[in-house]
Amino acid sequence: MKVTQAEFVISAVGPDQYPEDALPEIGLAGRSNVGKSSLINRMINRKNLARTSSTPGKTQHLNYYRINEELYFVDFPGYGYAKVSKTQRQVWGKMIEKYLLEREPLKLVLLIVDLRHPPTKDDEMMYDWLKHYDIPICVVATKADKIPKSRWQKHVKQMKECLALRKTDAFVMYSSETGLGKEELWAHIESIAGL
Ligand code: GDP
C-alpha cells in the first residue's frame, strides 16, 4: 500500500464521535509501551503522527487515523499499565467491548505483542477476548530487530504456542526500526479490508 495521505481525525470517547463515512476500520490493541505508536508511524511513513509513549492511563479514548481516504486505523488505549485503577480498567473494558460488539466497519484487530518475550497474561486475555467476539485477528510481533535473526523462529513458535493461535489468525513479524513486516502487514490489511 502506498500511503499518500494520513491524518489524525479524532480522539473519540464514545460512539457518537466515531466517523460516519463507513470506511473499513482496523483496530490496534496492545499493552502500554509495546510499540503501538511506533508501528502506526512506520506503517504510514510518518515520524510522529501517532504520539510515541502516548499517555498511559487514558483509558477512554479511541484514536482514529484516516489513511488515503480508504481506511481508518483505530488505536485502542494501551492495556496492562500498572497504575491504572480498577475502575479505569472497567471503563476501558466496557468501551472496547461495545466497540468490538457494535462497530460495523471494524474488519480486523492487530494485536501487537513484543517478539522478545512470551505474551503477558493481559496479551493472552486480549487474544481470548477477541476470539470470543469472533473478530478477525492479526498478531503482530514487533521489536524483532532487538533479537538476533537466528532466534526469531524460536520466539515465533513460543508466541504462537502461548497464545494458542488459531490457524485462521494471521501472524506477522515486525520491526518499526527496520520496516520488517511492513509490506506483509499492509498486504494482509488490504485483503481483509477489500481494498
Ligand atoms: P506504545 O506505548 O505502545 O505506543 O509504544 P511506543 O511506540 O511509544 O514504543 C515504546 C518504546 O519502544 C519507544 O522507546 C520506541 O522507540 C521503542 N520501540 C517501538 N517499536 C520498536 C521496534 O520495532 N524496535 C525497537 N528497537 N524499538 C522499538
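Summary of the structure given here. (Residues numbered from 1 in each chain as written. Predicted model: local features only at pLDDT ≥ 70, side-chain atom pairs only at ≥ 80, totals over all residues.)

In spatial order, the strands read E1-E3-E4-E2-E5-E6-E7; together these 7 strands make up an open sheet with mixed pairing. Bordering the open sheet on either side are strand E1 (6-12) and strand E7 (170-173), each of which pairs with just one other strand. Between one strand axis and the next, the sheet turns by 25 degrees as a mean value, whatever way the strands run. Here strand E5 (residues 106-114) pairs with strand E6 (residues 137-142) via 6 bridges, running parallel. The residue bridging Leu-110 from the neighbouring strand is Cys-138, located in E6. (Pairing = 2+ DSSP bridges. Helix = DSSP H or I, 4+ residues; strand = E, 2+ residues; numbered from the N terminus. Axes fitted to C-alpha atoms, helices over the stretch in contact; angles between N-to-C directions.)

Right, let's talk about helix H2 (residues 86-102) for a bit. Turn by turn, an α-helix covers 3.6 residues, leaving residues three or four places apart pointing in a common direction. With 17 residues, H2 should cover 24 Å at 1.5 Å per step; its first-to-last C-alpha distance of 24 Å lies within 8% of that length. For H2, the full list of buried residues reads Trp-92, Met-95, Ile-96 and Tyr-99. Around the axis of H2, the buried residues are gathered within 90 degrees of arc, so they sit on the same side. Residues Lys-86, Thr-87, Gln-90, Lys-94, Lys-98, Leu-101 and Glu-102 are exposed on H2 and point more than 90 degrees away from its buried face. Considering only its buried residues, H2 is in contact with strand E3 (62-67). (Expected span 1.5 Å × (residues − 1). Buried ≥ 20, exposed ≤ 12 C-beta atoms within 10 Å, placed from the backbone. Arc of directions from axis to C-beta. Contact = placed C-beta atoms within 7 Å.)

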